[in-house]
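Structure assessment
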Amino acid sequence: MLGCGGGSDDVAVGEFPPVDAALTEGQPLRAFARLQNQSASAAEFSATLTAAPSSAQLLPGTSTPMWLYNNTAPGPLIEFAENQRVAIRLDNHLPQETTIHWHGLPVPSDQDGNPMDPVPAGTSRVYEYHLPEGTAGTYWYHPHPHEETASQVARGLAAPLIVRAADDPLAHLTEITLFITGVRLDGAGAISPDNALDWSIGRQGETLLVNGSRLPVHTLRPSTTQRWRILNATAARHFRLALEGHTLTLVGTDGGLLGAPVAGLKDILIGPAQRIEVLVNASNAPNARYRLRALRYDTDILGLGTYVDEDLLTLATTSESPAPAVQIPAVLRPIADLGVASVRQEIELGEIHDLCRRNGATSAFVINGQIFDPNRVDLVSTVGRVELWDVVNNTGMAHPFHIHGTQFQLVSRRLGNVVTPAPYLAWIDTVVVPPGHTATIKVRQALPGKRMFHCHILEHEDNCMMAILDVRAV
Ligand code: C2O
Ligand code: CU
Ligand code: CU
C-alpha cells in the first residue's frame, strides 16, 4: 500500500471536473510583477510581502478565492543581488499561521521560515539575511507552516526568486522565468482541498499553469537564443521536459550555473521544487509552433503517479528574418567538488503502518522509520563538515529529497549493483530518488542550527516525511 491512502473517501484522478477547457488558453506568456526594493541603498533589499486571502479570475466569469502574496497569482518575482542584505517583512493576514521559506538559499536557520518558527495569524515578522557571493541562481519562496504547507501552496502562495551575480557570464542573453504550478478547481470554481489519494501520493489531477496561465504562447524571432529559468512549484509532479523540434542546453540547476553548458539534451527531468536554467535556440523556421511538453514519467510502481504527455507552453516563431547568432561561453563558473567526506550517513525513505496525522489513514511515508516530530533531533552534524548521505528509497514511489540551508552535490545513483556516477558537478538542493534507488550526495552545512530535510511532495512533507538535522558549531 502506498502511504496514507487508507481513507474511505478516495477520489479517482479521473473524477475531477475538467477545468482545462474552461481555463483560458493561448494567451501571451505573462511577465511577473516584481517586488520593489524600498531601500535607498543598493546594498540592501527591503520590502513587505503580505499573505492574505484574495481572488483570481481563472475561469471566465468566476472568481476563485485564493491566498496570495501581494495580491498576485503567482506572487511577485523577487530579484536579489549577491552580497545584498535582505530584510523582508511578512504581514500575515491569513486566518492561520504561516511562514516564508526561502527555498534553497543559505540563510540562518532562524530566518528560514521553518515550521517551528510560525508567524501567527494577524502578526508580522521580518526575515533578515545576507546573500553570500556564489549564491546567484534560481530559487523560490513558499510557506512552510506545520502540516499546512500543501494547502497554503495549493491556494496560491508561492513565487520565484532570482539571485543575480555581478559577473554573470550569460547576462547578455534575454531571459524568461517559467514558474510551473498546478491548480485544481471544484465545480464552483474554488480550489479543491486535498483528498485521500492526494495525501497518499501527492496532489493529483491538477491543471498545469505557467506564470499563472494555461498553455501560454511565447513568441520569438527565428534563431533567437534565450535563457529560460524553469521552476517546478507543483506539489508532486515530475516533469520530463522536452521542447518539440529542439534540443535544450542545460546551464544551471537549483543552486545556479553549472561549470560548463551541457548541450544537445532531448529532455530534462525536473522534480517537485527543482529548478533548471536552459538555453533555447529557437528554430530558424518562420511562423512555426513548438510545444514545451512534459513527457511520460512513472513515479511509482503501481502506476498511480503516471502522467501522459502534457503541454505546458507554445513557442511560436515570427515571420522575421533569423536573429544573429550569440556567443555562448564554453566555461560558466568554477564548481569545486566538496572534497573528501569524513562521515557517511544513511537516510532511509520508508513506509510504516501507524497512525498518520491526516485523514486517519493507517500508513505513512517516513524518514529512518519515524514520523516527523518538531521536538526531536534526527541527525547531528557540525558546521563545515563534509558528509556523504546515502538516500535509500525503500518505498514504491519516487520522492524528491530536499535539505534546507545549503546546496549539495550528487555523487552517484545506485539501483541494485549498478552505480551511475553523476554526469557533471552541480549545486542542487533537491534530488529525485526513484523507487528502489539510492542517491548518494555530498553535503556541507556552513551555518549552525536546526535544518529540515524532507520529501518535497508537499503532502508527504506535511504528513510525516520530514526530519531535523541539528548542525552544531565547532
Ligand atoms: Cu521548499 Cu522545506 O522546502
Ligand atoms: Cu527548502
Ligand atoms: Cu515523498
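Nothing here was measured: the structure is a model prediction, and the numbers come from that model. (Residues numbered from 1 in each chain as written. Chains lettered and ligands numbered in written order. Predicted model: local features only at pLDDT ≥ 70, side-chain atom pairs only at ≥ 80, totals over all residues. Heavy atoms only, no water.)

1. A closer look at the coordination of the copper ion (ligand 2)
Reference values for coordination geometry: four tetrahedral donors around a metal ideally subtend 109.5 degrees, six octahedral donors ideally subtend 90 or 180 degrees. Test applied: Water is not part of the atom set, so a site may look incomplete; the donors themselves are N, O and S atoms within 2.8 Å of the metal, or 3.2 Å for Na, K and Ca. The helix count covers DSSP runs of H or I at least four residues long, the strand count covers runs of E at least two residues long, and both are numbered beginning at the N terminus.
The copper ion (ligand 2) binds to the protein through His101 (NE2) and His402 (NE2); the donor distances cover 1.9 Å. Linking His101 in strand S5 (residues 101–103) with His402 in strand S26 (residues 399–403), this pair joins segments that are 301 residues apart in sequence.

2. Observations regarding the coordination of the copper ion (ligand 3)
For clarity, the threshold we go by: Throughout, exposure labels follow a simple rule: accessible area from a 1.4 Å probe, protein chains only, divided by the maximum for the residue type, with under 20% read as buried, over 50% as exposed, and the rest as partly exposed.
Within the protein, the copper ion (ligand 3) binds to His399 (ND1), Cys455 (SG) and His460 (ND1); these donor distances fall in the range 2.0 to 2.1 Å. Between the donor residues of the copper ion (ligand 3), the gaps in sequence give the motif H-x55-C-x4-H. Separated by 61 residues along the polypeptide, His399 in strand S26 and His460 in helix H3 (residues 458–463) bring together distant segments of the chain. Of the residues examined, His460 reaches a relative accessible area of 2% and is grouped as buried.

3. With respect to the nonpolar core
To keep it simple, the criterion reads: Among buried residues, those of type Ala, Val, Leu, Ile, Met, Phe, Trp, Tyr and Cys that are joined through side-chain atoms within 4.5 Å constitute a nonpolar core.
Counting residues in hydrophobic clusters, the biggest one holds 42 residues, and the most contacted among them are Ile347, Trp389, Phe401, Val431, Ile441 and Phe453. Counting residues in each nonpolar core, the second largest holds 30 residues, with Ile176, Leu220, Leu248 and Val278 among its members.

4. Quick look at a nonpolar patch on the surface
Quick note on the threshold: Excluding any residue in a salt bridge, patches collect residues exceeding 30% relative accessible area, merging like charges within 9 Å and nonpolar Val, Leu, Ile, Met, Phe, Trp and Tyr side chains within 5 Å. Using a 1.4 Å probe, accessible areas were evaluated by the Shrake-Rupley method; residue-level cover was limited to the displayed protein chains. The salt bridge definition used is simple: a Lys or Arg side-chain nitrogen within 4 Å of an Asp or Glu carboxyl oxygen.
Where nonpolar side chains cluster on the molecular surface, the patch consists of Ile301, Leu302 and Leu304 and spans about 310 Å² of accessible area. Here Leu304 lies in the loop between strand S19 (297–298) and strand S20 (306–307). Residue classification places Leu304 among the partly exposed positions, given a relative accessible area of 35%.

5. Here's the deal with the environment of Leu410
Counted only if it meets this: The contact criterion used throughout is that any non-hydrogen atoms of two residues lie within 4.5 Å.
Tracing the backbone through its elements, the reader meets Leu410 in strand S27 (residues 409–415). Along the primary structure Leu410 and Thr430 are separated by 20 residues, whereas in three dimensions their C-alpha atoms are 9.7 Å apart. The contact partners of Leu410, leaving out residues within four places of it in the chain, are Ala422, Ile428, Val431, Ala439, Thr440 and Ile441.

6. Describing the packing of aromatic side chains
We apply this condition: For Phe, Tyr and Trp, rings pair up if their centres lie within 6.5 Å, where Trp contributes its six-membered ring, and each pair is then called stacked (planes under 30 degrees apart), edge-to-face (over 60) or tilted (otherwise). Counting as a charge over the ring demands two things of the Lys NZ or Arg CZ atom: a distance within 6 Å of the ring centre and an angle within 35 degrees of the ring normal.
As enumerated under the stated definition, the model contains 11 aromatic pairs in all. Ring centres of Phe80 and Tyr129 lie 6.4 Å apart, and the angle between their planes is 85 degrees; this geometry places the pair in the edge-to-face category. Note that Phe80 is positioned in strand S3 (residues 78–81) and Tyr129 in strand S6 (residues 124–130), a separation of 49 residues in sequence. Neither Phe80 nor Tyr129 differs from the other in exposure class; each is buried. In textbook terms, an aromatic cluster arises when at least three aromatic residues are bridged by ring pairs, as seen for Phe45, Tyr69, Phe80, Trp102, Tyr127, Tyr129 and Tyr141. Directly above the aromatic system of Tyr127 lies the positively charged group of Arg125, at a separation of 4.1 Å from the ring centroid. Residue placement shows Arg155 over the ring face of Trp67; its charged tip is 3.9 Å from the ring centre.

7. Re the pairing of strand S9 (residues 174–183)
We count it as follows: Note: two strands are recorded as paired if DSSP finds a minimum of 2 bridges between them.
Most of S9 is tucked away: eight of the 10 residues are buried. The pairing of S9 with strand S12 (residues 225–232) spans seven bridges and is classified as parallel. Counted as the bridge partner of Leu178 is Ile230 from S12. Of the strand pairs in this sheet, S9 and strand S10 (residues 207–210) are connected by four bridges, and their pairing is antiparallel. Of the residues in S10, the one forming a bridge with Ile180 is Val210.

8. Structural notes on the sheet that holds S12
In sheet architecture, strand pairing relies on hydrogen bonds along the backbone and comes in two forms, parallel and antiparallel. Going by this rule: As a rule, the C-alpha atoms of each element are fitted with a line to give its axis, helices using only the stretch in contact, and angles between N-to-C directions run from 0 to 180 degrees.
Across the sheet, which stays open at both edges, the six strands sit in the order S10-S9-S12-S17-S14-S15 with mixed pairing between neighbours. Every interior strand has two partners, whereas the edge strands, S10 and strand S15 (256–265), have only one. On average, adjacent strands in this sheet sit at an angle of 25 degrees to one another, irrespective of strand direction.

9. So, the environment of Leu312
Position of Leu312 relative to the elements: it lies in strand S21 (residues 310–317). Linking Leu312 and Ile180, residues 132 residues apart in sequence, is a C-alpha distance of 8.3 Å. Not counting residues up to four positions away in its chain, the partners in contact with Leu312 are Ile180, Leu208, Val210, Leu215, Pro216, Leu241, Leu292, Arg293 and Ala294.

10. Here we look at unusual backbone geometry
With an omega of -10 degrees, the peptide bond between Ala73 and Pro74 qualifies as cis. On the secondary structure map, Pro74 appears in the loop between strand S2 (62–69) and S3. Non-glycine residue Ala273 carries a positive phi angle of around 80 degrees. Mapping Ala273 onto the fold places it in the loop between strand S16 (268–270) and strand S17 (275–281). For Ala273, a relative accessible area of 0% translates into the label buried.

11. Overview of the sheet that holds strand S7 (residues 137–142)
Across the sheet, which stays open at both edges, the four strands sit in the order S3-S8-S7-S5 with mixed pairing between neighbours. Two strands bound the open sheet, and with one partner strand each, they are S3 and S5. On average, each strand axis in the sheet is tilted by 30 degrees relative to the strand beside it, whichever way the strands run. In the sheet, S7 pairs with strand S8 (residues 159–164) via five bridges, with the strands oriented antiparallel.

12. So, the environment of Thr24
As for its placement among the helices and strands, Thr24 is situated in the segment before strand S1 (44–59). By relative accessible area, which is 40% here, Thr24 ends up partly exposed. Residues within four places of Thr24 in sequence aside, it is in contact with Leu58, Pro60 and Arg214.

13. Brief notes about the confidence of the model for the chain
Note that predicted coordinates carrying low pLDDT should not be read in detail. Keep this limit in mind: Confidence per residue, as judged by the predictor, is encoded in pLDDT with a range of 0 to 100.
Overall, the predicted model of the chain reaches an average pLDDT of 92, with 93% of residues at or above 70. With pLDDT under 50 throughout, residues 1–21 is counted as low confidence; its partners more than four residues away or in other chains account for 56 contacts.

14. Focus: the pattern of salt bridges
Tallied over the entire structure, the rule returns 27 salt bridges. The salt bridge involving Arg203 is made with Glu206; its shortest N-O contact spans 2.8 Å. In this structure, the salt-bridge partner of Asp311 is Arg293, at a minimum N-O distance of 2.7 Å. Remark: Arg293 occurs in strand S18 (residues 289–295) and Asp311 occurs in strand S21; sequence separation between them is 18 residues. Taken as a pair, Asp311 and Arg293 share a single burial class, namely buried.

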